[in-house]
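Here is how the chains run, residue by residue.
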Amino acid sequence: MFTLTLVTNPAMILDPALVRALRDALGGGDAIWLDPNSAAEFSLPKPPRNLDEIRASLSAEGVDMVCQPSAGRRKKLLLADMDSTMIQQECIDELAAAAGIGAKVAAITARAMNGELDFEAALKERVALLAGLPETVIADVLATRITMMPGGATLVATMRANGAYAALVSGGFTAFTAAVAAKLGFQEHRANTLHVDQGKLTGMVAEPILGREAKVAALEDLTAKLAITEGDVLAIGDGANDLGMLTRAGLGVAVHAKPVVQAQAAHAINHGDLTALLYIQGYAKADFVTP
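Figured I'd write up the structure that's included with this text. Remember, predicted model here, so these are calculated numbers, not experimental data.

Calculation rules
Residues numbered from 1 in each chain as written. Predicted model: local features only at pLDDT ≥ 70, side-chain atom pairs only at ≥ 80, totals over all residues. Heavy atoms only, no water. Helix = DSSP H or I, 4+ residues; strand = E, 2+ residues; numbered from the N terminus. Rg over C-alpha atoms; globule rule 2.2 N^0.38 Å. Buried < 20%, exposed > 50% of the residue type's maximum accessible area, 1.4 Å probe, protein only. Areas by Shrake-Rupley, 256 points an atom, 1.4 Å probe, with all protein chains shown as cover. Lys, Arg positive; Asp, Glu negative; His and termini not counted. Charge placed at Lys NZ, Arg CZ, Asp CG, Glu CD. Phe/Tyr/Trp six-rings, centres within 6.5 Å; stacked < 30°, edge-to-face > 60°. Lys NZ or Arg CZ within 6 Å of the ring centre and 35° of its normal. Pairing = 2+ DSSP bridges. Axes fitted to C-alpha atoms, helices over the stretch in contact; angles between N-to-C directions. Contact = heavy atoms within 4.5 Å. Right-handed = clockwise from strand over helix to strand, strands pointing away.

Considerations on the overall build of the protein
Logical step 1: What the protein contains, in helices and strands, is twelve helices and twelve strands.
Logical step 2: Relative to the compact-globule value of 19 Å for 291 residues, the protein shows a C-alpha radius of gyration of 20 Å, a close match.
Logical step 3: Projected onto its principal axes, the C-alpha coordinates of the protein cover approximately 65 × 40 × 30 Å.
Logical step 4: Split into buried and exposed, the 291 residues of the protein put 52% on the buried side.
Logical step 5: When the accessible surface of the protein is split by element, carbon and sulfur atoms take 53% of a total near 12100 Å².
Logical step 6: The protein carries 24 positive and 32 negative side-chain charges, and their two centres are separated by 3 Å.

A closer look at the packing of aromatic side chains
Logical step 1: Applying the stated criterion across every chain yields a total of one aromatic pair.
Logical step 2: Aromatic side chains Y279 and F288 sit 5.1 Å apart centroid to centroid with 45° between the ring planes, which places their arrangement in the tilted category. Here Y279 and F288 have matching classes, each one buried.
Logical step 3: Above the ring of Y283, the side-chain terminus of R74 is found at 3.8 Å from the ring centroid.

Side note on the sheet that holds strand β11 (residues 251-255)
Logical step 1: Taken together, six strands build an open sheet; the order of strands is β7-β6-β5-β10-β11-β12 and the sheet is parallel. With partners counted over all chains shown, the strands left at the sheet margins are β7 (188-192) and β12 (267-269), one partner each. Between one strand axis and the next, the sheet turns by 20° as a mean value, whatever way the strands run.
Logical step 2: Examined bridge by bridge, strand β5 (residues 77-80) and strand β10 (residues 233-237) share four bridges and lie parallel to one another. Looking at β10, one finds that L77 is bridged to V233.
Logical step 3: Across the sheet, helix α9 (residues 212-226) is in contact with β5, β6 (165-173), β7 and β10; its angle to β6 comes to roughly 160°.

Description of the pairing of strand β8 (residues 194-197)
Logical step 1: Alignment of β8 against strand β9 (residues 200-205), held across three bridges, turns out to be antiparallel. Its bridge partner being in β9, L194 is matched across the sheet by V205.
Logical step 2: Taking the residues that link successive antiparallel strands as the turn, the β8-β9 hairpin has two residues, and the phi of Q198 there is positive, at about 50°.

Describing the environment of A217
Logical step 1: Considering the arrangement of structural elements, one finds A217 in helix α9.
Logical step 2: For A217, a relative accessible area of 36% puts it in the partly exposed group.
Logical step 3: C-alpha of A217 to C-alpha of G115: the two residues are 102 residues apart in sequence and 19 Å apart in space.

Re the pairing of β7
Logical step 1: Summarising the sheet, β6 and β7 pair through four bridges and their orientation is parallel. Within the sheet, the bridge partner assigned to F173 lies in β7 and is N192.
Logical step 2: For the handedness criterion, the β-α-β arrangement of β6, helix α8 (residues 174-184) and β7 is classed as right-handed.

Here we look at the sheet that holds strand β1 (residues 2-8)
Logical step 1: The strand order β2-β3-β1-β4 describes an open sheet built from four strands, whose pairing is antiparallel. Taken across any chain shown, the strands that pair with only one partner, and hence form the sheet edges, are β2 (32-35) and β4 (63-69). Each strand axis lies, on average, 25° off the axis of its neighbour in the sheet, ignoring direction.
Logical step 2: With six bridges connecting them, β1 and strand β3 (residues 39-44) associate as antiparallel partners. Across the sheet, F2 pairs through a bridge with L44, a residue of β3.

Dropping the structure here:
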């Protein structure tokens, strides 16, 4: 059996008539409302042949759709990207903005996240432009420029309360992942380390650089450590360097992602906040844990 989940932004209303019409058209089971306003699901014997067309049509109406096997939907490991996934910004862009070179660095970041540039080379190029920036700027950026993605803390708290392990894996920097992981409740974090000398950024980053392959390695390492399978993993991200772990995980979701990522990931959330990732695992709003 398969389960088809429909989710919209919490600020919107999921139309019951739309849910009924889709269920009837696909021959699905009774609709279960996970949230009376924004999330519902129903069972199907098999995915519809025109799944992509249905998904695109619903997205145009502000509704996300995920269709997946019903068994094993609740995952035991959350493997999450940080920049533009668990937080609303790209940390390196915010550092660059503080240094007065925001537009130049942001343009490189956008191309790298869309898969147009080699991630490692692009990271080195951007970090080099930050040489001489006071290390204290990191704390300033964290305090004034970084905001959490809506629903993230609830996602982590609810999965952890149900026995899952939460790991933040970022192509960004440990100076940021440490703070974000602590704020959102992640049990561990992995990222790159900026070199600092005499209180200033040197423009260099420690090797080896954590990118696409390192995120896949984190998936392999953590599943082995936790004695679970890749099918037990929920991986989420928005950039091209996330595709390796998104395609390996049992449930890989492109979250408000770049076009190249949405084109290759099996599932996407474009309208809902991060609590949508709980609904697609079968959690009802009444099950949510508020941190």
